[in-house]
Structure formats: C-alpha cells, structure tokens
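Inside the fold
For reference, the chains in residue letters:
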Amino acid sequence: MSKFLRLGLAAIALTFFFNAFAVTETKAQHLNEILKRMEAHRNTLSSLRANITMVKFNNQLGESDTYQGTTVYAPAKGRDALVRIDWTSPRKESLAVVNQQYVLYNAALKHAIVGKVNDAKGNAKANNALAFMNMSREQLRANYTVKYLGQENVRGGVATSRLELIPKVAGSYKSAELWVDKDGMPIQAKVTENNSDSTTILLSNLQKNGTIKASVFKIDLPKGTKVVEG
C-alpha cells in the first residue's frame, strides 16, 4: 500500500520557484526575463489539458519506472489549483486534488486512499510540477534560490530554459529543476529527494484555456470501494 500511495501521490506530489541568482550578468538577465514570462503565463492560464509522463528513479537500485497518462489542471485564485491525473500505464489509477484534499483510486483493486496532501507520506509534501504554475513570482523568490542553467531541448524537441531551484528551508527534497518553454510555462520538472531518489514529470500535447467543468475533478467511487485514510 505504501508503494501505491507513493507512486500515485508523486503526481500531486507533483509543491516548487524564485530568488534570482546567477553567476554572470548575462545569466541574471536571462533569469529575469524567464521569470517575467512565467508570471505573464500564470496570469493568463485558466485551464490546461495535457499528456503526462512521470519517471521515478530509485537511486539505491539504479532503476527507473515510467508512468503515462493524462492530466487536467485549473488554477484557483486564493487557493490551491484543481488537479486530476488519470494514469493509463503501467496500470490505471486516478488522482484528484481539490483544496489540498486528495483522492487516489485504483479501479482494478477497488481501492481508494483519501486525505490531506500536507499529511500524506512520500512525495506528497513536495507537490507536483503543476503546482509551479499556480505560484506567483513573489512566492517563488521567497522560497527558493534559483539559478539559470542554460537552454535545453526536452523530449519531443521542445526548446526550453532550464532552471535549478534550491529550497531556502530544508524539507523532504533537496532540489528541483524546471524546464520552461518560450511561453513561460514549466513543461518539465524534476524533484530530487534527500536520498537522491528523483521524480521527473513531462507535460506534452498542451491544450490551454478550454472549458473544464468542476465535476471533472470529482472521482465517483463505485459501491464496494475500500476507502482508507492516507
């Protein structure tokens, strides 16, 4: 059950931006421009649908597991964003997060875990890549020291600016990296935990600002589902 919780919540577990730091004036200018684009994108994004790929790396074993699915995201002013992720490979699982409350459902097992994100184990305390889009520039600067690492193409050939984020306060992870596209959207994030395990999430096939009903973020648990507190 702990593995089931850890894998599912790595997706919420998908929370991570910015106190500008750069080794050269040129890098500082690049970083400032990237942060401006990110803030502008955040202010105009009303919804997102995308494909999602998650790679979890176990440092002790030197092995990686890959998960694929789709995600729906909607920012919410004054509170946390609404998130749903439906994993399709290697197994079907659905995760919904509303107001820091999560429901993680495995249809094959007829099993659901519910609880508060802040109280969850594993990567839940770190939140997920989508959380970056709901953070203001001021919040990022207050919580992270950021370094511009240069330009890099992610899988699929998308050109991005790569950033490193070091939390100012020690927590469940020691660093994060973001790959931000030309529009100012983080499309890939990597979180490295204190034990050097890591979770990398990539978003693709982006569909922005479409209509999404609130009901999408509610997982209706079938009769007979075993529900446990996370």
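Our subject is the structure listed above.
Note that the structure is a prediction, hence the values are computed from the model and not measured. (Residues numbered from 1 in each chain as written. Predicted model: local features only at pLDDT ≥ 70, side-chain atom pairs only at ≥ 80, totals over all residues. Heavy atoms only, no water.)

1. Some remarks on the overall build of the protein
If you tally the helices and strands in the protein, you get three helices and 13 strands. Out of the 230 residues belonging to the protein, those deemed buried represent 48%. Per element, the accessible surface of the protein, about 11,500 Å² overall, is 48% carbon and sulfur. (Helix = DSSP H or I, 4+ residues; strand = E, 2+ residues; numbered from the N terminus. Buried < 20%, exposed > 50% of the residue type's maximum accessible area, 1.4 Å probe, protein only. Areas by Shrake-Rupley, 256 points an atom, 1.4 Å probe, with all protein chains shown as cover.)

2. Some remarks on unusual backbone geometry
The step from Ser89 to Pro90 runs through a cis peptide bond, and the omega angle for that step is 5 degrees. Note on placement: Pro90 falls in the loop between β4 (82-89) and β5 (93-98). In the Ramachandran plot, Asn99 falls in the positive-phi region, its phi being about 55 degrees despite a non-glycine side chain. Tracing the chain through its elements places Asn99 in the loop between β5 and β6 (101-106).

3. Let's talk about the nonpolar core
In terms of nonpolar packing, the biggest core is built from 25 residues, with Leu48, Ile52, Tyr73, Trp87, Val97, Tyr102 and Leu203 touching the most fellow members. Elements represented by at least two residues in this core include exactly β2 (48-58), β3 (63-74), β4, β5, β6 and β12 (198-208). Sorting elements by how many residues they give to this core places β2 first, with four residues. Ranked by size, the runner-up nonpolar core spans 17 residues in total, among them Leu31, Ile34, Leu163 and Val191. (Core = buried A, V, L, I, M, F, W, Y, C linked by side-chain atoms within 4.5 Å.)

4. A few points about the pairing of β3
Sheet topology places β2 next to β3; eleven bridges connect them, and they run antiparallel. Bridge pairing in β3 links Ala50 to Thr71. Here β2 folds back onto β3, and the loop between the two strands holds four residues, one of which, Gly62, carries a positive phi near 70 degrees. Sheet topology places β3 next to β4; seven bridges connect them, and they run antiparallel. The residue of β4 that forms the bridge with Thr71 is Ile85. (Pairing = 2+ DSSP bridges.)

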